[in-house]
Amino acid sequence: MRAQGLFRPSRSAGARQRQAKALVELSGETVPLAVTWHPRARRFTLRIDPRTGGARLTVPQNADLDDAVEFLERHQDWLAREREKIAVPVPFCDGCVIPLRGAPHLVRSDSASGRKIRLGEDRGEPVIWVAGAADMLPIRLTRWLRAEARGEISVCVARHAACLGVRPGRITLRDQRSRWGSCSSSGALSFSWRLILAPGGVLDYVAAHEVAHLLEMNHGPRFWKLVADTGVDVAMGRQWLARNGQGLHRYGLDGGSNAD
């Protein structure tokens, strides 16, 4: 493995993290590599960006760039196998099939039905009918999915907050790639809107997970007991996301604003 175009580490805006980018040769192919030094990282963590096929490596603060490249080289066989698993992107368009709450739905453009997006059937198959001009379908469907996610997450958060006796702050939706939810020290909660594509039990688990962080900002035994006390299926949620979570990023628009 050979690194090309290695950039000097720089601090990301508004954060204590350093970042660097490079291009590495893997099995005759040039692969983008992004390295992030995280203040709380205790080990090297390697992930694949499902949208680009690039490698994202998180390393401890005391590691240097040579350590990062050497780690990647030792794991290049794993990296190659994982990149082969990346599914073909599915842009939002008339005729595409996307999951909604875990169930496949056909997306159809319906320019004659006003401005509403509605759920229905076509020959017994679930359909999402997207009203309006066909060229606006990707944007309109994305906004609708985000609204659906916000509504469902808000209900789950309120239920789990009442169960645990806490008061969450603002709920924000993003298109974050490395985590499905987060909880700030101020009590604000953030979630990936793509959870609406997963089965309802998975979304419910992530909501409970972040609400539990309002009481325990760690992943110790007390934290996991709080999550279990909400009644969600912890094992199912964790296993589903580990096996299928990254595949949710292949659906829909890329880029644009993360928050709403």
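Preceding this paragraph is the structure being described.
Residues numbered from 1 in each chain as written. Predicted model: local features only at pLDDT ≥ 70, side-chain atom pairs only at ≥ 80, totals over all residues. Heavy atoms only, no water.

A look at helix α6 (residues 234-244)
Okay, step 1: Listed in full, the buried residues belonging to α6 are V234, G237, W240 and L241. What you see down the axis of α6 is that its buried residues fit within an arc of 145°, all on one side. The outward face of α6, more than 90 degrees from its buried face, is lined by the exposed residues A242 and R243.
Okay, step 2: Elements in contact with the buried residues of α6: α4 (200-212) and α5 (221-229).
Okay, step 3: Capping the start of α6 is the job of one residue whose side-chain oxygen sits 3.1 Å from the backbone nitrogen of M236: D233. (Buried < 20%, exposed > 50% of the residue type's maximum accessible area, 1.4 Å probe, protein only. Helix = DSSP H or I, 4+ residues; strand = E, 2+ residues; numbered from the N terminus. Arc of directions from axis to C-beta. Contact = heavy atoms within 4.5 Å. Polar contact = N/O pair within 3.5 Å; in protein donor to acceptor, adjacent residues only side chain to side chain.)

Structural notes on the packing of helix α3 (residues 137-164) against α4
Okay, step 1: With their axes 9 Å apart at the nearest point, α3 and α4 run at an angle of 50° to one another. Viewed along their axes, α3 and α4 adopt a mutual orientation that is oblique. As α3 runs across α4, the sense of the crossing is right-handed. On α4, the residues touching E152, I153, C156, V157, R159, H160, A161 and L164 of α3 are G200, L203, D204, A207, A208, V211 and A212.
Okay, step 2: Taken together, the residues of the contact of α3 with α4 sort by class into 10 nonpolar, two polar and three charged. (Axes fitted to C-alpha atoms, helices over the stretch in contact; angles between N-to-C directions. Parallel < 35°, antiparallel > 145°, perpendicular 65-115°, else oblique. Left-handed = near helix turned anticlockwise from the far one by under 90°. Nonpolar A, V, L, I, M, F, W, Y, C, P; charged D, E, K, R; others polar.)

Points about the pairing of strand β13 (residues 189-192)
Okay, step 1: By the alternation rule, side chains of β13 split into L189 and F191 and S190 and S192, which are all buried.
Okay, step 2: With four bridges joining them, strand β11 (residues 171-174) and β13 adopt parallel strand pairing. Residue R174 lies in a different strand from β13, and its bridge partner there is S192.
Okay, step 3: Relative to β13, strand β12 (residues 181-183) runs antiparallel, the two sharing three bridges. Its bridge partner lying in β13, S182 is registered against S190.
Okay, step 4: Hairpin geometry of β12 and β13 is characterised by an intervening segment of five residues between the two adjacent antiparallel strands and by a positive phi of about 95° at G187. (Pairing = 2+ DSSP bridges.)

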